[in-house]
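# Understanding the architecture of this molecule
Here are the chains, one letter per residue:
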Amino acid sequence: MYEVIHNEELAPEVWRLVVRAPRVADARKPGQFVIVRASEACERIPLTIADADADEGTITLVVQAVGDSTREIASVPAGGAMRDVAGPLGRPTEIEQWGRVACVGGGVGTAVLFPLAKALAEAGNAVTTLIGGRSEPHVILRDELAAFCEDVRVTTEDGSLGRKGFVTAELEEMLADDATCPQAVYAVGPVPMMKAVVELTRPQAVKTIVSLNPIMVDGTGMCGGCRVTVGGEVKFACVDGPEFDGHAVDFDELSTRQRTYEEDYCRLDAQFRQTE
Amino acid sequence: MSTTETPTAKERMAIERAAMPEQPAEERVRNFNEVNLGLVEEVAVREAQRCLQCKNRPCVQGCPVGLRIPEFLEKIAARDFAAAAEILQADNALPATTGRVCPQEEQCERLCVRGKRGEPVAIGWLERFVADWMAEHATAPASKADPSGFRVAVVGSGPGGLTAAGELALRGHEVTIFEALHDAGGVLRYGIPEFRLPKRIIDREVANLEALGVALETNVVVGRTLTIGQIREQFDACFIANGAGLPRFCNIPGENLKGVYSANEYLTRVNLMGAYRYESRTPVARGTTTVVFGGGNTAMDSVRTARRLGSERAIIAYRRGREEMPARAEEVKHAQEEGIEFMFLVSPTELLGDEDGWLRAARLQRMELGEPDASGRRRPVPVDGSEFELPCQVAVAAIGTKANPLLTGTAPNLQLNKWGNIETNERHQTSLPDVFAGGDIVRGGATVILAMGDGKAAAREIDDFLREGASA
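Residues numbered from 1 in each chain as written. Chains lettered and ligands numbered in written order. Predicted model: local features only at pLDDT ≥ 70, side-chain atom pairs only at ≥ 80, totals over all residues. Heavy atoms only, no water.

### Concerning the overall build of chain A
Quick note on the threshold: Secondary structure elements follow DSSP: runs of H or I of four or more residues count as helices, runs of E of two or more count as strands, with numbering from the N terminus. With a 1.4 Å probe rolled over the protein chains alone, any residue whose accessible area is under 20% of its type maximum counts as buried; one over 50% counts as exposed, and the rest are partly exposed. Should any heavy atoms of two residues lie within 4.5 Å, those residues are considered in contact. Charge counting treats Lys and Arg as positive and Asp and Glu as negative, with His and both chain ends excluded. Taken as the charge location is NZ of Lys, CZ of Arg, CG of Asp or CD of Glu.
Scanning chain A from N- to C-terminus turns up 9 helices and 16 strands. Based on the C-alpha atoms only, the size of chain A along its principal axes is roughly 55 × 40 × 40 Å. Scored against the burial criterion, the 276 residues of chain A give a buried share of 58%. Across chain A, the fraction of contacts at a sequence separation of at least 24, relative to all contacts at a separation of at least 6, is 64%. Placing the 26 positive and 43 negative side-chain charges of chain A at their respective mean positions leaves the two points 3 Å apart.

### Digging into the layout of surface pockets
Residues and elements named next belong to chain A. Basically, it comes down to this: Residues are said to line a cavity or pocket when one of their atoms sits within 4 Å of a point; the points come from a 1 Å grid over protein atoms alone, cavities being sets where a 1.4 Å probe fits but cannot get out and pockets being open sets with protein on both sides within 12 Å along at least five of seven lines. Grid points are joined across faces, edges and corners, and a volume is the space filled by probe spheres set on the points. Each residue receives one of three labels: charged for Asp, Glu, Lys and Arg, nonpolar for Ala, Val, Leu, Ile, Met, Phe, Trp, Tyr, Cys and Pro, and polar for the others, Gly being one of them. Start and end positions for the domains come from either an automated domain assignment or a database one.
For the second largest pocket, the calculated volume is near 1,600 Å³. Around the second largest pocket, the lining comprises 47 residues; the ones closest to its centre are Gln64, Val66, Thr70, Asn213 and Gln258. Sorting the residues of the lining of the second largest pocket by element identifies strand E4 (45–53), strand E5 (58–64), helix H2 (68–74), helix H3 (109–122), helix H6 (191–201), helix H8 (251–258) and helix H9 (262–275) as the ones contributing at least two each. Looking at which element gives the most residues to the lining of the second largest pocket, the answer is E4, with 5 residues. A per-class count over the lining of the second largest pocket returns 24 nonpolar, 14 polar and 9 charged. Counting the residues that make up the lining of the second largest pocket, at least three belong to each of domain 1 (2–89) and domain 2 (100–258).

### Concerning the packing of aromatic side chains
Test applied: Aromatic pairing here means that ring centres of Phe, Tyr or Trp (its six-membered ring) are within 6.5 Å. Orientation follows from the plane angle: under 30 degrees is stacked, over 60 is edge-to-face, and everything else is tilted. Geometrically, a lysine NZ or arginine CZ counts as sitting over a ring once it is within 6 Å of the ring centre and also within 35 degrees of the ring normal.
Tallying each qualifying case throughout the model produces 10 aromatic pairs over all chains. A centroid spacing of 6.4 Å and a plane angle of 85° characterise the contact between A:Phe236 and B:Phe249, whose relative ring orientation is edge-to-face. Residue A:Phe236 is found in strand E15 (residues 233–236), and its partner B:Phe249 is found in the loop between strand E5 (245–247) and strand E6 (260–262); the two belong to separate chains. Measuring from centroid to centroid gives 5.7 Å for B:Phe436 and B:Phe465, while their planes differ by 70°, and the two rings are edge-to-face. With B:Phe436 in strand E16 (residues 435–437) and B:Phe465 in helix H19 (residues 448–471), the pair connects residues that are 29 residues apart, well separated along the chain. The class of B:Phe436 is buried, set by a relative accessible area of 0%. Counting every residue linked through ring pairs, the aromatic cluster contains B:Phe32, B:Phe195 and B:Tyr276. Residue placement shows B:Arg277 over the ring face of B:Tyr276; its charged tip is 5.9 Å from the ring centre. Above the ring of B:Phe342, the side-chain terminus of B:Arg322 is found at 5.7 Å from the ring centroid.

### Side note on the sheet that holds E4(A)
All names here are of chain A. We apply this condition: In this description, strands pair whenever DSSP reports at least two bridges between them. Inter-axis angles, ranging from 0 to 180 degrees, are taken between N-to-C directions of lines fitted to C-alpha atoms, where helices are fitted over the stretch in contact.
The antiparallel open sheet is built from 7 strands, whose spatial order is E6-E1-E2-E5-E4-E3-E7. Unpaired on one side and paired on the other, strand E6 (81–82) and strand E7 (84–89) mark the two borders of the sheet. Both strand E2 (residues 14–20) and E5 contribute to a ladder of 7 bridges, which runs antiparallel. Paired with Val14 across the two strands is Gln64, which belongs to E5. Along the sheet, H3 makes contact with E4 and E5, crossing E4 at roughly 40°.

### Section: the packing of helix H15 (residues 297–308) of chain B against helix H16 (residues 329–337) of chain B
All names here are of chain B. As a reminder, the rule being used: Roughly parallel means an angle under 35 degrees; roughly antiparallel means over 145; roughly perpendicular covers 65 to 115; every other angle is labelled oblique. Handedness of a crossing follows from how the near helix is turned relative to the far one, being left-handed for an anticlockwise turn of less than a right angle and right-handed for a clockwise one.
Running from N to C, H15 and H16 cross one another at 25°; their axes reach a closest spacing of 10 Å. Here H15 is positioned roughly parallel relative to H16, judged by the angle of their axes. Taken as a pair, H15 and H16 cross one another with a handedness that is left-handed. Of the residues in H16, those touching H15 at Asn297, Met300 and Arg304 are Glu331, Val332, His334 and Ala335. For the contact of H15 with H16, a count of residues per class yields 3 nonpolar, 2 polar and 2 charged.

Right, here's the structure in full:
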């Protein structure tokens, strides 16, 4: 069992948990994830390691409660425990000296972006972070990012915080000006957002790295459920990724595959709410 | 003839092979309960009496873990099940498992003298009988050597790892198993379906090992959570049995459509994650027609699972002929009884989808058998112009696996062959002297019992290695 040290609501339906997992805390590098099950009945849920403290033996996870198993993870209070935390999984981010970097995060994707932005800043890059959400309460980790980023720009769909609209509008502006145009872009968020980002950076061939979160079971390369087409080749996101060259990813296929169990989850969700 | 007296050879020869009671096919295709129900005591005793107790004991040569079969059968024939259990426990760490999943017809039973004229003794069913008897009767734990003071790590809790762990513990070593998934058992847990090997059997076999003092740590992915280098610092020796890993796909267009699975994913969803239960939170695609590519045990497990998940047509599409199918005879027989369709000499060329990205049909091409290939089997050759469409909603590729590089990729001095499998010498020793390996990560894909045989042999070598080192 893996003790939960801390649990707080970060935004509506989004929780931040600190969990004791000493082996993971010791081995993890930015960009890696864990697979978590709150209890025996849960699915295996991949979650990015948002932060870690090797001395304390803890890792920080951010989870959006969207289904039974993620709701159960979010509901474990401090003092409780997770049945399973396996990892770290996936390849670590290759942290390079790009110069100026734009990190683009949508919704809970900002939590995935956080360790990457931190590592890029620590490596001496000038990091501008562009984060967005539906409305003010949905924008997460702004202050934490501001601690090491040169600039944090916020957009909301309703204009309740920062610029009204999508993060892509901010990115477009950065790309248009030679003085602000980044040498690399990291984008994490919903598939349509990542797809929009790579289309924006494609004409100028600005290196764009995306972190994918396809359907996954074991997370160790065994099942192949997380296969994505990258540059015409089939890759497993769990062992070959989760980060890939955004310009080579087949986002349409990814988006279709992510909807494989839509109907099953609707049925399961209805069942869950009935028994709750 | 009384069953407690020793029968004469003539009397033994007169007994006919027992039949395994089974759940009727029409019933079992609607549940995931075990197909074989097991022999009752009277039948088991009589079956054991069929053994001629011959001097040559060819059956023992055919057993990868070297179970002392004639002695074991003699005890059953004499109704001394406790003594039979003692032999079984000493020789085989997972008897309830091997009694169910071993291809006996290719091993012990193939070499049985009685098989030369008529049917061999049903050694596998008797092994299962005693293993199940043990579960219901308190038996003395296997006797264990004094603590050696050595610590051994075992990577993977599949059949190879569990067997090695048991053997090492019996020899007095302190054993820790690292398992990547959330429960122990490896392929026994995620691969082999409930109707062939119930999960409670695996739980029991693992509990037996824990009772021997074996420590089990789940959720440790060696290569990611810990490296072999770290393990070598903390343990005196290590046995790697982390299995095969990456699934092979057919590499044809349409393979990323929804409804297309590797056998690993399909079976893991159903077995490890329990997707066959209505209340399970893990879904799995179901269709009126499921087609499985392949002809091995994994293909049989997949197609019979599909049938139980409600497919009216559950089809094996195999590129060679019936004789070339590597699946265990009993699985093929059971599959046929369950209404599985077999299409031989066909190979998929493309998978076709609907507008929502779901599989709607497979394009198959007919094959004919040409010259024998490297495996000695006749190579299938495509027949031009023979393509046809088979409507289906679910397709499963059960065409094998390849070495998973997660562990080996982080162990720079561990020598591999050109396929990425670990190289070992005749002592099961790798290029790192304190690291031994066995099972699929060495063999590149084999059976449960071969992995167990490796586990047992490697454990003995590790024992020698540790004691030689200590006395040197």
